[in-house]
Amino acid sequence: MIDDEGMSSALQLNENPASVAVLTETALALYQKPFFDLLYEAHTVHRAHHEPEDIQRCVLLSIKTGGCPEDCGYCSQSGHHKTGLERQPLLSLDDVRHAATQAKESGAERFCMGAAWRQAPEGEQFERVLEMVRIVKSLGMEACTTLGMLTLDQARQLKEAGLDAYNHNVDTSREHYPKIVTTRTYDDRLQTLHAAREAGLTVCSGGILGMGESERDRCAMLAELATLNPQPESVPINMLMPIAGTPLAQAPEVSVPDLVRTIAVARILMPKSRVRLSAGRVHLSREAQLLALFAGANSVFIGEKLLTTPNAGQSADDALFATLSGGARQGCSASAGD
Ligand code: SF4
């Protein structure tokens, strides 16, 4: 919980549930449009606010792995689930410098660091995270962290260290959330987002598809994010990566059209945000990813891993970006006079 003085008066939680409810209906009407009508509308909004070729590449590094006291039903790192994940204490500064340098060399513009904590700790570990942020900034990348719940004072220290963004996902709709997480509330999550905003950080918040939610839940989650004022600058849309040993290990897969519809609605409701095609990309064909990018996603995570789960490999990403960039391609050898 955020306990800094003055925070409660500064909170602007979604105190107007009516606006979330109204926007949920709008989102659902969009979600259920004929597929090409929705794609056309989303792509039109996208082009009005973004350069279509601007796809930001990010790297996400787990800086402290496993042993988390939260019980998020999708997560390999929760201490409540027997996933066999090897725990790893907070990385050294050298490890982070090395990983961030490699990320920069591979074309990443943003470097995100995730730690499996319920609440960002105080003391030496937090000081080390601040130094990690300084290292990433010294390499000329945007820096983002996701460290669990955050006090306003911690958010301010991160901002002073140069942090650009704080990630804390709402995960799903307010209604569906208690079926996924019981150890913290939806409003706890919103309070952390407000602490980040209050400190001058940009906000990264999104959710996960494929956790047994309905179409309405997906739309309610997007409405919840879209009614934040200001809207999150960054909205990761993840597909569940089912992990053996977690309660959601057997959850059915999300279809590509459902993923694309969610991204399209996110783009229309949050026209200026960077919508990130995040976890689960490894299971998508190049064509499915192109569809998601056309619908309004304009960021992907590169690198072999996303925290603890596999990610699309470099050769697949090279092919994806080559397709996006156009120009001459193998097999297109016909010329005038042939
Ligand atoms: S708080 Fe984060 S690391 Fe901990 S169980 Fe939930 S998703 Fe996993």
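Residues numbered from 1 in each chain as written. Predicted model: local features only at pLDDT ≥ 70, side-chain atom pairs only at ≥ 80, totals over all residues.

1. What about the site of the ligand?
(1) Moving on: Taken together, the residues surrounding the ligand are Cys-68, Glu-70, Cys-72, Cys-75, Gln-77, Ser-78, Ala-116 and Gly-148.
(2) Moving on: Residues belonging to the shell around the ligand are distributed by class as follows: four nonpolar, three polar and one charged. (Near = placed C-beta within 6 Å. Nonpolar A, V, L, I, M, F, W, Y, C, P; charged D, E, K, R; others polar.)

2. Digging into the nonpolar core
(1) Moving on: Judged by nonpolar contacts, the single largest core of 97 residues is most densely connected at Val-59, Phe-111, Tyr-166, Leu-222, Ile-263 and Val-265.
(2) Moving on: When residues of this core are assigned to their parent elements, the largest contribution, eight residues, is made by helix α9 (residues 256–269). (Core = buried A, V, L, I, M, F, W, Y, C linked by C-beta atoms within 7 Å. Buried ≥ 20, exposed ≤ 12 C-beta atoms within 10 Å, placed from the backbone. Helix = DSSP H or I, 4+ residues; strand = E, 2+ residues; numbered from the N terminus.)

3. Remarks on helix α10 (residues 286–294)
(1) Moving on: Every buried residue of α10 is accounted for by Gln-289, Leu-291, Ala-292 and Leu-293.
(2) Moving on: The inward-facing, buried residues of α10 abut α9, β8 (274–277), β9 (297–301) and α11 (314–325).
(3) Moving on: Downstream of α10 by a residue or two, Gly-296 has a phi angle that is positive, lying close to 130°. (Contact = placed C-beta atoms within 7 Å.)

4. Notes on helix α5 (residues 124–138)
(1) Moving on: If you check α5, its first and last C-alpha atoms are 21 Å apart, about what 15 residues at 1.5 Å a residue would give, namely 21 Å.
(2) Moving on: Within the sequence span of α5, burial applies to Val-129, Met-132, Val-133, Ile-135 and Val-136. Angular distribution of buried residues about the axis of α5 spans 160°; they occupy a single face of the element. Opposite its buried face, α5 presents the exposed residues Glu-124, Glu-127 and Ser-138, each directed more than 90 degrees away.
(3) Moving on: Residues of α5 that are buried make contact with β1 (56–64), α4 (93–105), β2 (110–115), β3 (142–146) and α6 (152–161). (Expected span 1.5 Å × (residues − 1). Arc of directions from axis to C-beta.)

5. Comments concerning unusual backbone geometry
(1) Moving on: Between Asn-229 and the following residue, Pro-230, the backbone shows a cis peptide bond with an omega angle of 0°.
(2) Moving on: Relative to the elements of secondary structure, Pro-230 occurs in the loop between α8 (215–226) and β7 (234–239).
(3) Moving on: One non-glycine residue with positive phi stands out, namely Asp-171, at about 75°.
(4) Moving on: By secondary structure assignment, the location of Asp-171 is in the loop between β4 (165–167) and α7 (186–198).

Any link to function would need more than the numbers given here.
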